[in-house]
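In case you want the letters, here they are:
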Amino acid sequence: MSDAIVTLPTDNLVLPFAVKPLGIRGRVVRLGSVANDIIHRHKYPPSVSALLAEAIALTAMLGASLKFDGKFILQASTNGAVTMLVCDFATPGKVRGYAQFDAEKVAGLEATDDLTPADLFGTGHLAMTIDQGQHTDRYQGIVALNDDTLSDAAHRYFLQSEQIPTRLRIASGPLMSRGAAMADIWRTGAVMVQHLPDDGGYSAIEGSSGDAPPGSEEELVEDDNWVRARVLMDTVEDHELLDPTLAPEQLLYRLYHEDGVTVFPAVEIRDECSCSRDRIETVLGNFSDEERADMTEDGQITVTCEFCSSRYSFAARDFADA
Ligand SMILES: [Zn+2]
């Protein structure tokens, strides 16, 4: 035992970092109990749980960059087995999320041997919204979903909406112990690098000079530092994102120690919903008497929060004079 132990959070966090010599900024996400609690509350089929956990990691990663108080909202709507996926991040570090899906289609996909996360989304769109309150404009970027994964869509978002060379990896799944899945303990993790050199001069990025489809013969001139950063990033394995015994600093050290990596204070992430009795009461008060009558059963109006499954009951007569 060392006599000076400094305890830093190693889980349920977003850790920002920079590789200054390469002009790289990035973030690592590690979610243990936060992901596990959300997944267990919903009790979705495993494939939907895995997708939701990934979406929560992505939401935490992008939300943690908010510079003011506010919200980051990620929303996918598709015609596939998972029809809707909604996650949000509220400063300083609250995340929540839920999915809507066609249970029969999901069961059909899960019965096949080679289900991949991309199979759950059909075509549709992925919207990312930043809402920092009344003093700033609400910003929304939207990209198409075409039978691809969340990380494919996120890459496309950064290319099209932000025009920043970006590489990210996301993984989710049950905790592994000696090679065997411990099915009941869920984790998710992610890592992202972006080329944002201090002196400007960004790399050319795929698709930036037009709408050439990926893989076409468009000439790309990429900065050598960026190429190095993204090639190293591509060596990250899923288990490195999920392993609770591998500290995020260790992962970064493995990737970028030759170039010199700097880490910044972590953003702690919490599993916390922003629903409240007062807020739901206000919403119900804004409905018409007729609408409320339709919701009333045995004199009670009961509302269940889709994000956290909390149930709120009100006596219908309390709204009589609203
Ligand atoms: Zn809630």
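Residues numbered from 1 in each chain as written. Predicted model: local features only at pLDDT ≥ 70, side-chain atom pairs only at ≥ 80, totals over all residues. Heavy atoms only, no water.

A. Just the coordination of the zinc ion, in detail. At 2.2 to 2.3 Å from the zinc ion lie its protein donor atoms, namely C273 (SG), C275 (SG), C305 (SG) and C308 (SG). In this structure, the zinc ion is coordinated by 4 donor atoms arranged in tetrahedral fashion, with angles at the metal of 105 to 114 degrees. One chain supplies every donor to the zinc ion, and in sequence these donors are spaced C-x1-C-x29-C-x2-C. Accessibility assignment for this pair places C305 and C308 in one class, buried. (Donors = N, O, S within 2.8 Å, 3.2 Å for Na, K, Ca; no water. Tetrahedral: all angles 85-135°; square planar, octahedral: opposite > 155°, others 65-115°. Buried < 20%, exposed > 50% of the residue type's maximum accessible area, 1.4 Å probe, protein only.)

B. Here's a closer look at the layout of surface pockets. Here the largest pocket defines a volume of roughly 740 Å³. The wall of the largest pocket is formed by 29 residues, among which R27, L62, S65, L66 and K67 lie closest to the centre. When grouped by side-chain class, the residues that make up the lining of the largest pocket number 18 nonpolar, 6 polar and 5 charged. (1 Å grid on protein atoms, 1.4 Å probe; cavity = no way out; pocket = protein on both sides within 12 Å on 5 of 7 lines; lining within 4 Å. Points joined across faces, edges and corners; volume = space filled by probe spheres on them. Nonpolar A, V, L, I, M, F, W, Y, C, P; charged D, E, K, R; others polar.)

C. Local environment of a negative patch on the surface. On the surface, a cluster of negative charge is made up of D113, D114, D119 and D147. Inspection of the secondary structure puts D119 in the loop between helix 3 (103-110) and strand 6 (123-131). (Patch = residues over 30% accessible without salt bridge, like charges linked within 9 Å, V, L, I, M, F, W, Y side chains within 5 Å. Areas by Shrake-Rupley, 256 points an atom, 1.4 Å probe, with all protein chains shown as cover. Salt bridge = Lys/Arg side-chain N within 4 Å of Asp/Glu carboxyl O. Lys, Arg positive; Asp, Glu negative; His and termini not counted. Charge placed at Lys NZ, Arg CZ, Asp CG, Glu CD. Helix = DSSP H or I, 4+ residues; strand = E, 2+ residues; numbered from the N terminus.)

D. Structural detail: the environment of P165. Within the secondary structure layout, P165 lies in the loop between helix 4 (150-162) and strand 8 (166-177). A relative accessible area of 2% places P165 in the buried class. Along the sequence, P165 and H155 sit 10 residues apart, while their C-alpha atoms lie 8.8 Å from each other.

E. Local environment of the pairing of strand 3 (residues 71-78). Pairing of strand 3 with strand 4 (residues 82-90) involves 7 bridges; the strand directions are antiparallel. Bridged to K71 within strand 4 is A90. Count of turn residues in the strand 3/strand 4 antiparallel hairpin: 3 residues. Alignment of strand 3 against strand 6, held across 8 bridges, turns out to be antiparallel. When the sheet's bridge partners are listed, F72 is paired in strand 6 with I130. (Pairing = 2+ DSSP bridges.)

F. Fine view of the sheet that holds strand 12 (residues 270-271). Strand order in the open sheet formed by 6 strands is 7-6-3-4-5-12, with mixed pairing between adjacent strands. Of all the strands in the sheet, the pair left with one neighbour each is strand 7 (139-146) and strand 12. For strand 4 and strand 5 (residues 94-101), the ladder comprises 8 bridges, and the chain directions are antiparallel. The partner of M84 across the bridge, within strand 5, is Q100.

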